[in-house]
Amino acid sequence: YLCKYDVHGNQIEEACIDIYGNPCYNSDGVAKYTWKYDSRRNKIEETCCDTHDRPCVNSDGYAKTIWEYDRYGNTLSERYYDLEGNEVVLLNNDI
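Worth saying up front: this structure is predicted, and the values here are computed from it rather than measured.

Quick notes on the rules
Residues numbered from 1 in each chain as written. Predicted model: local features only at pLDDT ≥ 70, side-chain atom pairs only at ≥ 80, totals over all residues. Heavy atoms only, no water. Salt bridge = Lys/Arg side-chain N within 4 Å of Asp/Glu carboxyl O. Buried < 20%, exposed > 50% of the residue type's maximum accessible area, 1.4 Å probe, protein only. Pairing = 2+ DSSP bridges. Helix = DSSP H or I, 4+ residues; strand = E, 2+ residues; numbered from the N terminus. Phe/Tyr/Trp six-rings, centres within 6.5 Å; stacked < 30°, edge-to-face > 60°.

Draft legend 1. Local environment of the pattern of salt bridges. Within this structure, the stated rule accounts for 7 salt bridges. Taking the shortest distance from any N to any O, the salt bridge between lysine 36 and glutamate 45 comes out at 3.7 Å. Here glutamate 45 falls in the buried class, since its relative accessible area comes to 15%. The structure contains a network of salt bridges with shared partners spanning Lys4, Glu13, Lys32 and Asp53.

Right under this line is the structure:
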């Protein structure tokens, strides 16, 4: 894996690469994960990408996760979305 971090040390990217340094897919069907953070360094978004940096659906059936927090940093919600931005309800939330 090839990882990138922001100036605060938050991981913002994790790319799966083969032994030749080429993008490849992991066991979840994702080549790259990207993350965004709020000003309090809470993770607010995760996006699954294919080998061409396009959003893709992982093996659990979603492409993006969005988190919301209260003013104390407690997680209020964790929601999953498909490629069209529709919310996905997971039948098994043991992710």
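Draft legend 2. The sheet that holds strand S3 (residues 32-37), seen in detail. Taken in spatial order, the 7 strands of this open sheet run S1-S2-S3-S4-S5-S6-S7, and their pairing is antiparallel. Edge positions in the sheet fall to strand S1 (2-5) and strand S7 (87-88), since each has one partner strand and no second. Note that strand S6 (residues 75-81) and S7 share 2 bridges and pair antiparallel. Considered in S7, the bridge of tyrosine 81 is made with glutamate 87.

Draft legend 3. Representation of the packing of aromatic side chains in the model. Considering all chains together, one arrives at 2 aromatic pairs under this definition. Summarising the aromatic geometry, the rings of tyrosine 33 and tryptophan 35 are spaced 6.0 Å apart at their centres and angled 15 degrees between planes, so their arrangement reads as stacked. No difference in accessibility class separates tyrosine 33 from tryptophan 35, as the two residues are buried. Their ring planes at 55 degrees and their centres at 4.6 Å tell us that tyrosine 62 and tyrosine 80 sit as a pair that is tilted. With tyrosine 62 in the loop between strand S4 (43-49) and strand S5 (64-69) and tyrosine 80 in strand S6, this residue pair connects regions lying 18 residues apart in the sequence. Residue classification places tyrosine 62 among the buried residues on the basis of a relative accessible area of 4%. On the accessibility criterion, tyrosine 80 (5% relative accessible area) is buried.

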